[in-house]
Amino acid sequence: MDRALADLRNGFLPRFQAASTEQALRDENAKILGKKGELTAILKQLGQAPPEGRKAIGEKVNALKQEVEAGFDKCLNDLRRKQREAELSAPPFDLTLPARMPVTAGHKHPIAMVREDVVAVFRQLGFAVFDGPEIEHEENNFTMLGFPPDHPATDMQDSFWTKSNKLLRTHTSNVQIRAMTSLKPPMAFIAPGTVFRRDDDATHSPMFHQIEAFLIDRNVTLAHLKGVLAEFANRLYGPGTPVRLRPSYFPFVEPGAEVDIGCVFCKQPDGTRAGCSLCKHTGWIEVLGCGMIHPVVLENCGIDPDEWSGFALGMGLERIAMLRYDIPNIKLMFDNDPRFLAQF
Ligand code: DAH
């Protein structure tokens, strides 16, 4: 029994030190101190020892047990410290691991892209930006622009009115009045902005975006307007894009027109248009409204129509974006679904 104890005393520490993991160390400890362990087995034999020697052996066994426990604790601490030091001195992260999430850079919304392109074209042509409010007086949005009080657009059904008798502007044409009443001609401005109408279907949204452009100077004629439109079509849709004006009515212009450009979708290499569903097989696509600023509007703003004349035009950015990117429903541009936005 003494020999067995001596062997164990000499052997346990090297066995513990050889364990390279916590689990291996615990297993080794169990082989000695566990229920079926070597020291436990010696303890069980104590009953067979001569009674006079039992006490001495018992003390030895207990002393060894404490040594083994202390050795186990020390080796466990050593193992844990080594593990922690290894963690701390390892490189903080592995640069070669693949990213967990595909990270893509954000990008501009299709309406913002169209707005920036249109603004850039007019700036190249010498127009400056003039800003106007989205909550507007009835006078600036309607009356001064020559809308009669009973015009359908002024109806409660068509516009969003506030309790204080203002309204959310229904178009960016309000900026014409703001500019003309605060500055003296000549002037050439564009006004990009958000507008609001009680309209809601696949091609209309209660909130949408327009860009207005207007120019006032001496001797401005329809030819100047057409020249600017031709240059606009060239620069936005490509050289040689044809433009045509169809007579139309807007209260603040005379004459007024709607502007079509040659369809950009069915254009053939020889410049002719084959006709397609987007242009309803006409070869033309409507892009904006325009006209010569009505003399009454100039007068309303204190500008002498005998000395000054001007033109104005306005376009919806959603329409231009839908045409450019072949977007079937205006709502897609406001849902902000990343699966839609990621396509641009
Ligand atoms: N304000 C018009 C609208 O919202 C668009 C428009 C038409 C603007 C003719 C103009 C213009 O400046 O001359 O439908």
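Let us look at the structure shown here.

About the cut-offs
- Residues numbered from 1 in each chain as written.
- Predicted model: local features only at pLDDT ≥ 70, side-chain atom pairs only at ≥ 80, totals over all residues.
- Heavy atoms only, no water.
- Phe/Tyr/Trp six-rings, centres within 6.5 Å; stacked < 30°, edge-to-face > 60°.
- Helix = DSSP H or I, 4+ residues; strand = E, 2+ residues; numbered from the N terminus.
- Buried < 20%, exposed > 50% of the residue type's maximum accessible area, 1.4 Å probe, protein only.
- Pairing = 2+ DSSP bridges.
- Contact = heavy atoms within 4.5 Å.
- Axes fitted to C-alpha atoms, helices over the stretch in contact; angles between N-to-C directions.
- Near = heavy atom within 4 Å.
- Polar contact = N/O pair within 3.5 Å; in protein donor to acceptor, adjacent residues only side chain to side chain.
- Areas by Shrake-Rupley, 256 points an atom, 1.4 Å probe, with all protein chains shown as cover.
- Nonpolar A, V, L, I, M, F, W, Y, C, P; charged D, E, K, R; others polar.

Given two aromatic rings, their pairing is described by the distance between the two centres and the angle made by the two planes. Summed over the entire model, instances satisfying the criterion amount to twelve aromatic pairs. A ring pair is formed by F147 and F252, whose centres lie 6.0 Å apart and whose planes are at 35°; its orientation type is tilted. Residue F147 is located in the loop between α6 (138–141) and β3 (166–168), and its partner F252 is located in the loop between β6 (243–248) and β7 (253–262); the two are separated by 105 residues in the primary sequence. A single burial state applies to F147 and to F252, both of which are buried. By way of ring pairs, the aromatic residues F142, F147, W161, F250 and F252 are connected into one cluster.

Further remarks concern the sheet that holds strand β1 (residues 128–129). Taken in spatial order, the seven strands line up as β1-β4-β5-β9-β8-β7-β6 in an open sheet, and their pairing is mixed. Only two strands of the sheet have a single neighbouring strand rather than two, namely β1 and β6. Two elements, β7 and strand β8 (residues 284–293), share eight bridges in a ladder whose sense is antiparallel. Note that in β8 the partner of E258 across the bridge is G289. Packing of helix α8 (residues 222–237) onto the sheet brings it into contact with β6, β7, β8 and β9 (309–316), and relative to β8 it is tilted by some 145°.

We now examine the site of the ligand. In the vicinity of the ligand there are 15 residues, among which H171, S173, R197, Q210 and E212 approach most closely. Contact distances for the ligand include 2.7 Å between an oxygen atom and a side-chain N or O atom of E212. Taking 350 Å² as the accessible area of the ligand by itself, protein coverage stands at 89%. Among the elements of the structure, β5 (207–217), β8 and β9 are those that each provide at least two residues to the shell around the ligand. Classifying every residue of the shell around the ligand by side-chain character gives six nonpolar, seven polar and two charged.

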